[in-house]
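Reading the structure
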Amino acid sequence: MTILVTGGAGYIGSHMTLELLDAGEKVVVLDDLSTGFRWAVPEEVPLIVGDFGDAALLRDIFARHDVQSIIHFAAKIVVPESVADPLGYYSNNTAKARALLEAAVEAGVKRIIFSSTAAVYGDPEHNPVTEDESLKPVSPYGRSKLMVEWMLEDVSRAHDLAYVALRYFNVAGADPKGRSGQSTPKATHLIKVAVQAALGLRPGMQVFGTDYPTPDGTCLRDYIHVTDLARAHLDALRHLRGGGESLVCNCGYAHGFSVLEVIETVKRVSGVDFPVEFAGRRPGDPAAIVAANDRIRSRLGWTPRHDDLETIVRQALDWERKLAVRNESGA
Ligand SMILES: NC(=O)c1ccc[n+]([C@@H]2O[C@H](COP(=O)([O-])OP(=O)(O)OC[C@H]3O[C@@H](n4cnc5c(N)ncnc54)[C@H](O)[C@@H]3O)[C@@H](O)[C@H]2O)c1
Ligand SMILES: O=c1ccn([C@@H]2O[C@H](COP(=O)(O)OP(=O)(O)O[C@H]3O[C@H](CO)[C@@H](O)[C@H](O)[C@H]3O)[C@@H](O)[C@H]2O)c(=O)[nH]1
């Protein structure tokens with residue numbers, strides 16, 4: 001039985017592929033390499049370079065490989081880009097997911113795990129936010145993902161296809177064995193930016209907003225280690241293989257750090273006091289968003305192993321150094 005990983009050449013998908021191989025699973029990756037990297041897919045894993053919305057290609061993959069489960073990561077993921085290009089996001093994230101589901105149902109695929117996002121909550125009224133909080137995404141990106149959750153709900157009722165939708169909070173860190181990490185050249189994620197500033201890869205950084213209703217005035221987020229997140233997918237797979245029902249679960253640690261706390265941690269771990277400028281709020285940022293994680297713990301038996309901001313930052317630094325050497329050598 002093979003697992004199809006869409007987006008397996010990207011940041012989270014590449015960690016998933018490693019986790020699946022470590023667990024002895026058979027994997028095939030489908031990725032168009034729009035933001036992913038060929039080198040991020042281990043040599044022993046077949047990489048099909050193509051579009052996950054291409055019905056003919058999907059039919060061919062399902063005919064050649066005994067795919068019983070899909071882990072679907074492939075998507076466009078940049079919130080401001082989704083505001084500028086909503087149709088591009090609805091096409092790539094929503095319409096193509098419909099095509100994937102259609103091909104999966106046609107081929108008799110039994111299980112799908114979907115990368116959803118905390119962005120489906122928008123600016124939540126309560127924190128930690130539970131899965132039952134009202135869903136009010138504020139960006140086309142969040143809406144493009146929520147629509148897929150709705151499709152999954154309907155499709156799973158009509159067909160023999162069970163799903164787990166995992167709503168990721170802020171994904172960070174790198175493979176503890178140093179095999180992969182966040183490699184997108186212009187990534188805007190806080191930890192990536194701060195780590196690049198610490199390594200002198202950028203002159204400094206900005207803090208977006210210091211007047212939020214939070215203890216130090218900067219935004220609070222729940223940073224989850226990418227390997228703990230990949231393990232949540234393994235737990236979801238085990239749940240579905242055991243006949244478990246379809247589920248939606250938050251993925252986070254249930255506690256938040258402010259932007260200033262993250263920057264302070266990067267400075268302490270790296271030993272570098274890089275320049276930080278206080279700037280205005282970034283449009284669309286919720287003040288605070290922290291995951292309630294009771295459901296994933298009780299229903300999937302997930303337990304975090306890397307819930308430590310210093311470890312997350314240290315591994316992000318290690319990966320960024322590796323990446324700098326790789327980029328310098330032109331590999
Ligand atoms: N990084 C985060 O903090 C975060 C938070 C919440 C949810 N997510 C979700 O996790 C998933 C993975 O995100 P990531 O951070 O690894 O991003 P990424 O950009 O590194 O990975 C996405 C991968 O999908 C591929 N892809 C995109 N469109 C495709 C298409 N039409 N056909 C085939 N391949 C395609 C890209 O080439 C890339 O390899 C996404 O669905 C994203 O929405 C990420
Ligand atoms: O240079 C920077 C970068 C970020 N921030 C702030 O840091 C916080 C975290 O920002 P970022 O790392 O960009 O993550 P989010 O905007 O919280 O969004 C991430 O987490 C969401 C889930 O919570 C996912 O849906 C998104 O895809 C993913 O980018 C926010 O308050 C930002 O304003 C800064 O102050 N300076």
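Just so it is clear, the structure is predicted and the values come from calculations on it, not from any experiment.

**A look at the site of ligand 2**
Residues in contact with ligand 2 amount to 20 residues; listed here are only the nearest, Thr117, Ala118, Leu190, Phe208 and Cys219. Those elements that place two or more of their residues in the shell around ligand 2 are helix H6 (190–198) and strand E8 (205–208). Among the elements that line the shell around ligand 2, the one with the most residues is E8, at 4 residues. Looking at side-chain class alone, the shell around ligand 2 contains 12 nonpolar, 5 polar and 3 charged residues. Counting contributing residues per domain, the shell around ligand 2 is built from domain 1 (2–172 + 223–251) and domain 2 (190–221 + 254–290 + 298–329), each supplying no fewer than three.

**Observations regarding the sheet that holds strand E12 (residues 257–258)**
The 3 strands are arranged E12-E9-E14 in an open sheet whose pairing can be described as mixed. What marks the edges here is a single partner per strand, and that holds for E12 and strand E14 (288–289). Summarising the sheet, strand E9 (residues 220–221) and E12 pair through 2 bridges and their orientation is antiparallel. Each residue of the ladder has a partner; that of Arg221, found in E12, is Phe257.

**Comments concerning the nonpolar core**
In this structure, Ile191, Ala194 and Cys251 are the most contacted members of the largest nonpolar core, which totals 94 residues. In terms of residue count, helix H7 (residues 226–241) provides more of this core than any other element does, 7 residues in total. For this core, the two domains that each supply at least three residues are domain 1 (2–172 + 223–251) and domain 2 (190–221 + 254–290 + 298–329). Those residues in contact with Ile191 that sit more than four places away from it in its chain are Ala172, Tyr223, Val262, Ile312, Val313 and Ala316.

**Focus on the UniProt feature "domain: NAD-dependent epimerase/dehydratase" (unreviewed entry) in the chain**
As recorded in UniProt, the feature "domain: NAD-dependent epimerase/dehydratase" (unreviewed entry) lies at residues 3–252. As a span, residues 3–252 carries 38% helix and 20% strand, and end to end its C-alpha atoms are 24 Å apart.

**Comments concerning the sheet that holds strand E4 (residues 67–72)**
Taken in spatial order, the 7 strands make up an open sheet running E3-E2-E1-E4-E5-E6-E11, and their pairing is parallel. Looking at which strands have only one partner, the edges of the open sheet turn out to be strand E3 (47–49) and strand E11 (247–251). Ignoring strand direction, the axes of neighbouring strands in this sheet form an average angle of 20°. Here strand E1 (residues 2–6) pairs with strand E2 (residues 26–31) via 5 bridges, running parallel. In the sheet register, Val5 faces E2, and the bridge partner there is Val29.

About the criteria used
Residues numbered from 1 in each chain as written. Chains lettered and ligands numbered in written order. Predicted model: local features only at pLDDT ≥ 70, side-chain atom pairs only at ≥ 80, totals over all residues. Near = placed C-beta within 6 Å. Helix = DSSP H or I, 4+ residues; strand = E, 2+ residues; numbered from the N terminus. Nonpolar A, V, L, I, M, F, W, Y, C, P; charged D, E, K, R; others polar. Domains from an automatic or database assignment. Pairing = 2+ DSSP bridges. Core = buried A, V, L, I, M, F, W, Y, C linked by C-beta atoms within 7 Å. Buried ≥ 20, exposed ≤ 12 C-beta atoms within 10 Å, placed from the backbone. Contact = placed C-beta atoms within 7 Å. UniProt positions renumbered as here; feature names shortened; annotations may be inferred. Axes fitted to C-alpha atoms, helices over the stretch in contact; angles between N-to-C directions.

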